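Working through the structure, step by step
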Amino acid sequence: VQLVESGGGSVQPGGSLRLSCVASGFTFSRYAMSWHRQAPGKERELVAAISSAGGSTNYADSVKGRFTISRDNAKITVYLQMNSLKPEDTAVYYCNARLAGMYDYWGQGTQVTVSS
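All figures in this text were calculated on a predicted structure; none of them were measured in a lab. (Residues numbered from 1 in each chain as written. Predicted model: local features only at pLDDT ≥ 70, side-chain atom pairs only at ≥ 80, totals over all residues. Heavy atoms only, no water.)

**Details of the overall build of the protein**
Along the protein, the regular secondary structure elements total zero helices and 11 strands. Ordered by position from N to C terminus, the α and β elements of the protein give β-β-β-β-β-β-β-β-β-β-β. For 116 residues, the compact-globule estimate of 2.2 N^0.38 gives 13 Å, and the protein sits close to it at 13 Å. By principal-axis analysis of the C-alpha atoms, the protein measures approximately 40 × 25 × 25 Å. Expressed as a percentage of its 116 residues, the buried residues of the protein come to 41%. Expressed as a percentage of contacts within the protein between residues at least 6 apart in sequence, the contacts between residues at least 24 apart total 52%. Put simply, the protein shows about 6000 Å² of open surface, and 47% of that area lies on carbon and sulfur atoms. The averaged location of the 8 negative side-chain charges in the protein is 5 Å from the averaged location of its 11 positive side-chain charges. (Helix = DSSP H or I, 4+ residues; strand = E, 2+ residues; numbered from the N terminus. Rg over C-alpha atoms; globule rule 2.2 N^0.38 Å. Buried < 20%, exposed > 50% of the residue type's maximum accessible area, 1.4 Å probe, protein only. Contact = heavy atoms within 4.5 Å. Areas by Shrake-Rupley, 256 points an atom, 1.4 Å probe, with all protein chains shown as cover. Lys, Arg positive; Asp, Glu negative; His and termini not counted. Charge placed at Lys NZ, Arg CZ, Asp CG, Glu CD.)

**What about the pairing of strand E8 (residues 77-82)?**
In terms of residue burial, E8 counts as a mostly covered element, since five of its six residues are buried. Pairing of strand E3 (residues 17-24) with E8 involves six bridges; the strand directions are antiparallel. Pairing of Ser20 across the sheet is with Tyr79, part of E8. As paired strands, strand E7 (residues 67-72) and E8 are joined by six bridges and run antiparallel to one another. The residue bridging Arg71 from the neighbouring strand is Val78, located in E8. The antiparallel hairpin formed by E7 and E8 contains four residues in its connecting segment, where Ile76 sits at a positive phi of about 45°. (Pairing = 2+ DSSP bridges.)

**Some remarks on the side chain of Glu5**
Here Glu5 lies in strand E1 (residues 2-6). Within the buried core, Glu5 has no salt-bridge partner, and the shortest N-O distance to an opposite charge, that of Arg44, equals 7.5 Å. For Glu5, the side chain forms a polar contact with the main-chain nitrogen of Cys95, separated by 2.7 Å. Here the side chain of Glu5 touches Gln108 through a polar contact of 3.0 Å, landing on its backbone nitrogen. (Salt bridge = Lys/Arg side-chain N within 4 Å of Asp/Glu carboxyl O. Polar contact = N/O pair within 3.5 Å; in protein donor to acceptor, adjacent residues only side chain to side chain.)

**A short note on the packing of aromatic side chains**
The tally for this structure, following the rule as stated, stands at five aromatic pairs. Aromatic side chains Phe26 and Tyr105 sit 5.3 Å apart centroid to centroid with 50° between the ring planes, which places their arrangement in the tilted category. Taken together, the positions of Phe26 in the loop between E3 and strand E4 (32-38) and Tyr105 in strand E10 (residues 103-106) put the pair 79 residues apart, joining distant regions of the chain. Residue Phe26 is classed as buried on the basis of its relative accessible area of 15%. Arranged with centres 6.3 Å apart and planes meeting at 20°, the rings of Tyr103 and Tyr105 form a pair that is stacked. Judged by relative accessible area, which is 39%, Tyr103 ranks as partly exposed. Taken together, the ring pairs connect Phe26, Phe28, Tyr31, Tyr103 and Tyr105 into an aromatic cluster. (Phe/Tyr/Trp six-rings, centres within 6.5 Å; stacked < 30°, edge-to-face > 60°.)

Below, the structure is given as structure tokens:
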């Protein structure tokens, strides 16, 4: 099982980034997917989640209206479009795959830094 994130980097406040997470080794279309982040000295927190078929999404209040999660089951990829980025969005972003509390997989993380 692998989840490989990409798309992180450094950006100025107000900028945008698009994270991608490519999955392998499991039946992607059966899993709910989510993005989490962890800033230095803080606990990991849920940023956004999407159901297995993509019909349902939810977001942390801090990113609502700025971030969009989506998935392409044919490409076994989940995305996180991040707009209007703020310095407080700086963190390592992790991709997660979960199947009904039975299986729980994590990627290695990608760094996002928002700074002027």
